[in-house]
Amino acid sequence: MYAVNFLILGALLFSLGVFGVIARRNAVMVLMSIELILNAVNVNLIAFAMMNNSAEGHVFALYVIAVAAAEVGVGLAMVLMIYRNRRSIALDELSAMKG
Amino acid sequence: MIASLLAQAWTAPTIDWHAIAPELVLVVGINLVLLVDLWLDEAKKWAMATITGLVLLGAVVPVVTLAVLGGDVRDAIFDGRYVIDEYALILKALFLLVGYVVVLLSQNELEEGGYYQGEFYVLLLVSVLGMVMMSSSRDLMSIFVALELLSIPAYMMAAWRKRDPRSNEAGAKYYLLGVFASAVLLYGMSFLYGTTGTTKLTDIGVALSGELSAMQILAVVFVLAGFAFKISAVPFHTWAPDTYEGAPTPVTAFLSVASKAAGFVALLTVLYLGLYGADEVHSPMIWAMAALTMTVGNVVALRQTNIVRMLAYSSVSQGGFILMPLAVMSTTAAESALRAVVIYLLIYAFSNLGAFAVIIAVSRSTRSGEISSFGGLMSYAPGLGVLMTIFLASLAGIPPLGIWIAKLQAFRALIDAGSTSAYVLAIIAAVNTVIAAGYYMRVLRQIWMSPVPDGDTTPIRPPSSVWLALGITAGGTVVLGILPSLVLRFADLPDLTGALGR
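A.B. asks: So what's going on with the overall build of chain A? Residues and values would help.
C.D. replies: Along its length, chain A carries three helices and zero strands. Of the regular secondary structure in chain A, the N- to C-terminal order runs α-α-α. Expected size for 99 residues packed as a compact globule is a radius of gyration near 13 Å; at 17 Å, chain A overshoots this value by more than 25%. Seen along its three principal axes, the alpha-carbon backbone of chain A occupies a region of about 50 × 25 × 25 Å. When the 99 residues of chain A are sorted by exposure, 38% land in the buried category. Partitioning the intrachain contacts of chain A with sequence separation of at least 6 by distance along the chain shows that 46% fall at a separation of at least 24.

Laid out in structure tokens, this is it:
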């Protein structure tokens, strides 16, 4: 196995995630796409940690996992709040303010 | 196995408790506020603001003692990854003070709106803790954790008016773009770590010199794009106006000053310590972003009718001015650029918070956010009118008020750099200063010359906490403008650049 395999996997996950964030209008799908990007980061970090033979990457990945959990907690709460007010979680309908 | 582990002698690492005292005070304060809120009667919730204010002022005390005592040991605690130097202390004091002013501003807004108070102050304190940590962070990991610690509570605060669809929209846009930006930033950081083998910024700086690999260039671009979202630089600014307009006004004040300043602090530290070897990648990017940010922010601000939205675009364009010295960060002008950014952040905080404080005071009685609702303010609330004049004139950069000295420093950094591109940027900035005066003056014309829109001239009586906030911000704006030597000497401390350890 080469480190480059993991980096390609990471790049694929990252691209999928970015595509999802840009193209999806469902808020939950966007949240999942952001999770994909964060997991791409984790794959990268672990691969680099093995490559560099240092522990920093592993520690960093643990932090990313913990923070991602907190972020999604807030995100889902916000999606729920929007759903209660509008009965819809389509992001393109969130356009009360313009200019 | 376990027995052999236990048999090993273990000495606890020495921890400099004094050096991390500001953070510790905040952590204790956060728990205190959370617990007190549980047991406090609904009728006594007003005390929460007082306790929060005391916690923030309490955290300033160790910052001051640290600054007065000085010392070499504390510069390098945690292996130089978390540094308490003059640069960090100045910014810590700034963030704590901004937090205090925002508490003063939010008190009545929360009480009259019937919103949760205890939770709000807890989140505010957590966010300030993240900022305080950010000013000391010198490692990719601690910068990331601090960035999230300050952003996640801010997402919730932006959506604080739960039933108001505009506030929902503000929170959702801020959250989605903010999280997306941190994910992109992290992806860049992972490459930075992978190609240099370390997350410590000073080591990254050493490893990044010389010819850059494609991966390293990609890393720098992603990191820069991630931070550009946080500081709402064009073309990553689209969330800012909507979030600022929809969020509760005290939160807007907090976001446009503290959150933005924290983004700049992170960018500044990363560029100055870690990426100075990659200047041929980031200098042109920052140059373009600075020029675009101030121009787009100004031009769009010209046609706004809502004052909060106008100030939102104005803060986008001020961000361009703060970004301007960073474009010459890697030349011989690095130190004057660093100083210019710190000074700008300090003075901008006072003037912008002050402008928001006046808006909060006036819109409590006019119940409107339109610029036209400020018509004839001088005739029935001369105090607020004069204060707003001071703040807006300062934001426009008119001497002898606050921001002129900051703008001067920013221009000086560009002149120090002395390259053609720096001069061109300086000319763009000069033109933008004139455009900016246009929309600030439009508000002032309403205040001084227009008639009162609905003939209602009952005097405005802002609560005493808002007056205190106005006093602090007006004092800062005027004193720093008239006696710039105060803040200049502050930033001239050799430690400001020396102890950053490059």
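A.B. asks: Could you give me a rundown of the overall build of chain B, with the residues and numbers involved?
C.D. replies: Looking only at helices and strands, chain B features 21 helices and zero strands. Relative to the 2.2 N^0.38 estimate, which gives 23 Å for 502 residues, the radius of gyration of chain B is 22 Å and therefore close to what a compact globule would have. If one aligns the C-alpha atoms of chain B with their principal axes, the spans along those axes are about 80 × 60 × 40 Å. The 502 residues of chain B split such that 61% are buried. Partitioning the intrachain contacts of chain B with sequence separation of at least 6 by distance along the chain shows that 81% fall at a separation of at least 24.

A.B. asks: Break down unusual backbone geometry for me, citing the residues and quoting the values.
C.D. replies: Look at the link from Val234(B) to Pro235(B): it is a cis peptide, with omega at 5°. Mapping Pro235(B) onto the fold places it in the loop between helix H9 (214–230) and helix H10 (239–246). Here Arg87(A), not a glycine, exhibits a phi torsion of approximately 60°, which is positive. The residue Arg87(A) is located in the segment after helix H3 (56–86) in this model.

A.B. asks: Talk me through the interface of chain B and chain A; I want residue IDs and the actual numbers.
C.D. replies: Taken together, the 35 residues of chain B in the interface contact 34 residues of chain A. If you list the elements that add at least two residues to the side of chain B that touches chain A, you get helix H6 (140–158), helix H7 (165–196) and H10 of chain B. No other element matches the 17 residues that H7(B) contributes to the side of chain B that touches chain A. Taken together, the residues of the side of chain B that touches chain A break down into 17 nonpolar, nine polar and nine charged.

A.B. asks: Can you lay out helix H19 (residues 464–482) of chain B for me, pointing to particular residues and giving the numbers?
C.D. replies: Residue pairs three or four apart in sequence face the same way in an α-helix, which turns once every 3.6 residues. Residue and element names in this part refer to chain B. The end-to-end C-alpha separation of H19 is 26 Å, in line with the 27 Å expected for 19 residues at 1.5 Å each. All buried positions along H19 are accounted for by Val466, Ala469, Leu470, Thr473, Ala474, Gly476, Thr477, Leu480 and Gly481. An end-on view of H19 places all buried positions within 155° of arc, on one side of the element. Exposed and oriented more than 90 degrees from the buried face of H19 are Ser464 and Gly475.

A.B. asks: Go over the nonpolar core, please, and point to the residues and values.
C.D. replies: Across soluble globular proteins, nonpolar side chains show a tendency to be buried alongside one another. Residues and elements named next belong to chain B. With 229 residues, the main nonpolar core has Leu125, Val341, Tyr344, Leu345 and Val358 as its most contacted residues. Sort the elements by how many residues they give to this core and helix H14 (residues 334–366) lands first, with 23 residues. Every residue in contact with Val358, bar those within four places of it in the chain, is listed here: Leu384, Leu387, Met388, Phe391 and Leu470.

A.B. asks: How would you explain the packing of helix H4 (residues 86–113) of chain B against helix H5 (residues 118–136) of chain B if you had to name every residue and give the values?
C.D. replies: The packing of two helices is summarised by the inter-axis angle and the distance between the axes. Residue and element names in this part refer to chain B. One way to put it is that H4 packs onto H5 with a least axis distance of 9 Å and a crossing angle of 165°. With respect to their mutual orientation, H4 and H5 come out roughly antiparallel. Crossing of H4 over H5 shows right-handed handedness. Of H5, the residues touching H4 (which contributes Ala88, Leu91, Lys92, Phe95, Leu96, Gly99, Val102, Val103, Ser106 and Leu110) are Phe120, Tyr121, Leu124, Val128, Met131, Val132, Ser135 and Ser136. When its residues are assigned to classes, the contact of H4 with H5 shows 13 nonpolar, four polar and one charged.

A.B. asks: Before we move on, could you go through the packing of helix H13 (residues 307–323) of chain B against H14(B) and cite the residues and values that matter?
C.D. replies: All names here are of chain B. For the pair H13 and H14, interaxial distance at closest approach is 11 Å and the crossing angle is 175°. Our classification of the angle between H13 and H14 gives roughly antiparallel. Only Val341, Tyr344, Leu345, Tyr348, Asn352, Ala355 and Ile359 of H14 make contact with H13, whose side of the interface consists of Ile307, Val308, Leu311, Ser315, Gln318, Phe321 and Ile322. Looking at the contact of H13 with H14 residue by residue, the classes come out as eleven nonpolar, three polar and no charged.

A.B. asks: Can you lay out H14(B) for me, pointing to particular residues and giving the numbers?
C.D. replies: Residues and elements named next belong to chain B. Spanning 33 residues, H14 covers 47 Å between terminal C-alpha atoms, matching the ideal 48 Å at 1.5 Å per step. Most of H14 is tucked away: 28 of the 33 residues are buried. Arg367 sits one or two residues past H14 and shows a positive phi near 55°.

A.B. asks: Which residues make up the confidence of the model for chain B, and what are the values?
C.D. replies: Note that predicted coordinates carrying low pLDDT should not be read in detail. All names here are of chain B. Overall, the prediction assigns chain B a mean pLDDT of 88, with 94% of residues at 70 or greater. The low-confidence segment residues 493–502 (pLDDT under 50) makes 23 contacts with residues lying over four places distant or belonging to another chain. Confidence metrics for the complex model read pTM 0.93 and ipTM 0.96.

Procedures and definitions
Residues numbered from 1 in each chain as written. Chains lettered and ligands numbered in written order. Predicted model: local features only at pLDDT ≥ 70, side-chain atom pairs only at ≥ 80, totals over all residues. Helix = DSSP H or I, 4+ residues; strand = E, 2+ residues; numbered from the N terminus. Rg over C-alpha atoms; globule rule 2.2 N^0.38 Å. Buried ≥ 20, exposed ≤ 12 C-beta atoms within 10 Å, placed from the backbone. Contact = placed C-beta atoms within 7 Å. Nonpolar A, V, L, I, M, F, W, Y, C, P; charged D, E, K, R; others polar. Expected span 1.5 Å × (residues − 1). Arc of directions from axis to C-beta. Core = buried A, V, L, I, M, F, W, Y, C linked by C-beta atoms within 7 Å. Axes fitted to C-alpha atoms, helices over the stretch in contact; angles between N-to-C directions. Parallel < 35°, antiparallel > 145°, perpendicular 65-115°, else oblique. Left-handed = near helix turned anticlockwise from the far one by under 90°. pLDDT = per-residue confidence, 0-100.

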